[in-house]
Amino acid sequence: MRQATVYIDQEALQYNLNRVKQLAPTAKIVSMVKANAYGHGVEACLAALSSTDAFGVACLEEALEIRELGYEQPITLIEGIFSGDEMQIVIEKKIECVVHHQQQLDWLRAHKDAYIAQGLKVWVKLNSGMNRLGFKVPEIIDVIHQLKAEGFTCVLAMHFANADADNHPLNEQQKNQFLHVKEACAPIMGSCCNSAAILKWPELNFDFVRPGIMLYGATPFADKSVEELDLKPVMTFTAEVIALNTIQAGEAVGYGSTFVADKDMYLAIVSIGYGDGYPRAFPKQNYVAINGQQTRVIGRVAMDMIAIDVTGIDAPLGTEVELWGKERLVDDVAEANGTIGYELLCRMSARPVRKLA
Ligand SMILES: *Cc1c(COP(=O)(O)O)cnc(C)c1O
């Protein structure tokens, strides 16, 4: 059988969740499990995250999957509902909505009594400068005052555009707007921290924090590694050596013959490619790890195979090669690929076999 495997380390996930608890001891934790738990597979991740206070997802289908698996914690739809007919299901399955525009308010009000009777909170989204979703100041203050007067329990919600960047001027502006609205609508619960903000601004934890990437043991920062943040990678992505070749100086490897050996080399062919979710375009040299030793990926990534340099490395047929995991960090593969760990994790294909570590 072709070996291309995604191992999920549930203990690492629990370790990272505990890191969030240490960093935000007084806040409730809304574990973000959108996009199939950032590509890790929602079922294995929910089992490891069962002590979380709540879950966050991007759509009703993702929320229903959590309910079908039997989890009863609150769930927040971070973009709210996309059509009025979803409100019925939201209420029946006890799912909480973000509201970020007038139509969502109308849908909510049409089901006001049932929504409140189910004990569901309304997450009112502030647009403080990211300019994707939300009500701006001062409109949001009226929206919240009205919702509260109608009997809704509200959470003021906001998302930073640059929480991963030091000294971006928008950070201060977004913080100030959030604090202003929170004060103008007091008393009200608040939530504005993703992973980067949890790690940087403990004073902004408020009532609910919303960790995503840090739970999975990847870094939200370009300049801080998971080791520095004391997080453990949850996913290990591996494949196997399926062929070994000796090539001579001047010979080329793979599609496009983009790599030409400048000396005699020993190559291993590994059963992984972009058909598995391994990226193809590498502006920088990329590496894999074999028994803790990093070695170069050679030539183009194909749909099902890559070539790696095993000159001087003991890697017989069947050797397990780590594409990313605890030795070769997904963050470093992402950097070589010109992207972020989030993207590589989320775009895993369904082909690799998934196992618990
Ligand atoms: C995805 C998401 C998060 C989590 O962000 P990370 O950077 O992965 O921690 C938090 N809040 C909202 C609204 C999100 O959409």
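Computed from a predicted structure; not experimentally measured.

Asks: I keep staring at unusual backbone geometry and nothing clicks. Help me out?
Replies: Glycine aside, a negative phi is what most residues show, and trans is what most peptide bonds show. Put simply, valine 137 and proline 138 share a cis peptide bond, and its omega is 5 degrees. Turning to its location among the elements, proline 138 is positioned in the loop between β6 (121-125) and α8 (139-149). We note that phenylalanine 206 has phi near 45 degrees; this positive angle belongs to a residue other than glycine. Relative to the helices and strands, phenylalanine 206 resides in the loop between α10 (195-200) and β9 (208-209). Of note, asparagine 291 is a non-glycine position whose phi angle comes to about 45 degrees, a positive value. Along the chain, the position of asparagine 291 falls in the loop between β14 (287-290) and β15 (293-298).

Asks: Explain the site of the ligand here, please?
Replies: In the vicinity of the ligand, the contacting residues are Met32, Lys34, Tyr38, Ile78, His159, Asn194, Ser195, Arg210, Pro211, Gly212, Ile213 and Tyr342. Between the ligand and lysine 34 there is a distance of 2.6 Å, counted from an oxygen atom to a side-chain nitrogen or oxygen. Here a nitrogen atom of the ligand and a side-chain polar atom of histidine 159 are 3.5 Å apart. Burial of the ligand by the protein amounts to 92% of the accessible area it has alone, namely 390 Å².

Asks: Please explain the sheet that holds strand β7 (residues 153-157) as it appears in this structure.
Replies: Within a sheet, neighbouring strands are paired by backbone hydrogen bonds and run either parallel or antiparallel to one another. Ordered in space as β8-β7-β6-β5-β4-β3-β2-β9, the eight strands form an open sheet in which the pairing is parallel. The open sheet has two edge strands with one neighbour each: β8 (189-191) and β9. For strand β5 (residues 96-99) and β6, the ladder comprises three bridges, and the chain directions are parallel. Paired with valine 98 across the strands is tryptophan 123, a residue of β6.

Asks: What am I meant to see in the packing of aromatic side chains here?
Replies: For any two aromatic rings, the description comes down to two numbers: the centre-to-centre distance and the angle of the planes. Scanning all chains against the criterion turns up 10 aromatic pairs. Between tyrosine 38 and tyrosine 342, the ring centres sit 6.2 Å apart and the planes meet at 35 degrees, which makes this aromatic pair tilted. Within this pair, whereas tyrosine 38 is found in helix α2 (residues 34-38), its partner tyrosine 342 is found in helix α13 (residues 341-346), the two being separated by 304 residues in sequence. By relative accessible area, which is 6% here, tyrosine 38 ends up buried. Owing to a relative accessible area of 28%, tyrosine 342 belongs among the partly exposed residues under this scheme. Members of the aromatic cluster, joined through ring pairs, are Phe237, Tyr278, Phe282 and Trp324. When the ring centre of phenylalanine 221 is taken as reference, the NZ or CZ atom of lysine 224 above it lies at 4.8 Å. The lysine or arginine in question, lysine 232, covers the ring of tyrosine 15, its NZ or CZ lying 4.1 Å from the ring centre.

Calculation rules
Numbering of residues begins from 1 in every chain and follows the order in which that chain's sequence is written. A pLDDT threshold of at least 70 governs which residues receive local features in this predicted model, and a stricter bar of 80 or more applies before side-chain atom pairs are shown or counted, although totals over entire chains, interfaces and linings include all residues. For the side-chain quantities, the full set of heavy atoms in the structure was used; hydrogens and water were omitted. In this description a helix means any DSSP run of H or I spanning at least four residues, a strand means any run of E spanning at least two, and both kinds are numbered starting from the N terminus. Near, as used in this document, describes a residue that has one of its heavy atoms within 4 Å of the molecule or strand being considered. Throughout this description, a polar contact denotes any pair of N or O atoms lying within 3.5 Å of each other; where both atoms belong to protein, one of them has to be capable of donating a hydrogen while the other can accept it, and for residues adjacent in sequence the pair is counted only when both atoms sit in side chains. The protein chains shown are the only cover counted for residues, whose accessible areas, like all others here, come from Shrake-Rupley with a 1.4 Å probe. For two strands to be treated as a pair, DSSP must find no fewer than two bridges joining them. Any two of the Phe, Tyr and Trp rings considered here, Trp counted by its six-membered ring, make a pair once their centres fall within 6.5 Å; the pair's planes then place it as stacked at under 30 degrees, edge-to-face at over 60, or tilted in between. Burial classification: accessible surface area is computed with a 1.4 Å probe over protein chains only, and a residue below 20% of its type maximum counts as buried, one above 50% as exposed, and the rest as partly exposed. Placement of a positive charge over a ring is assigned whenever Lys NZ or Arg CZ falls within 6 Å of the ring centre and within 35 degrees of the normal to the ring plane.

Worth remembering: the numbers are spatial, not functional.
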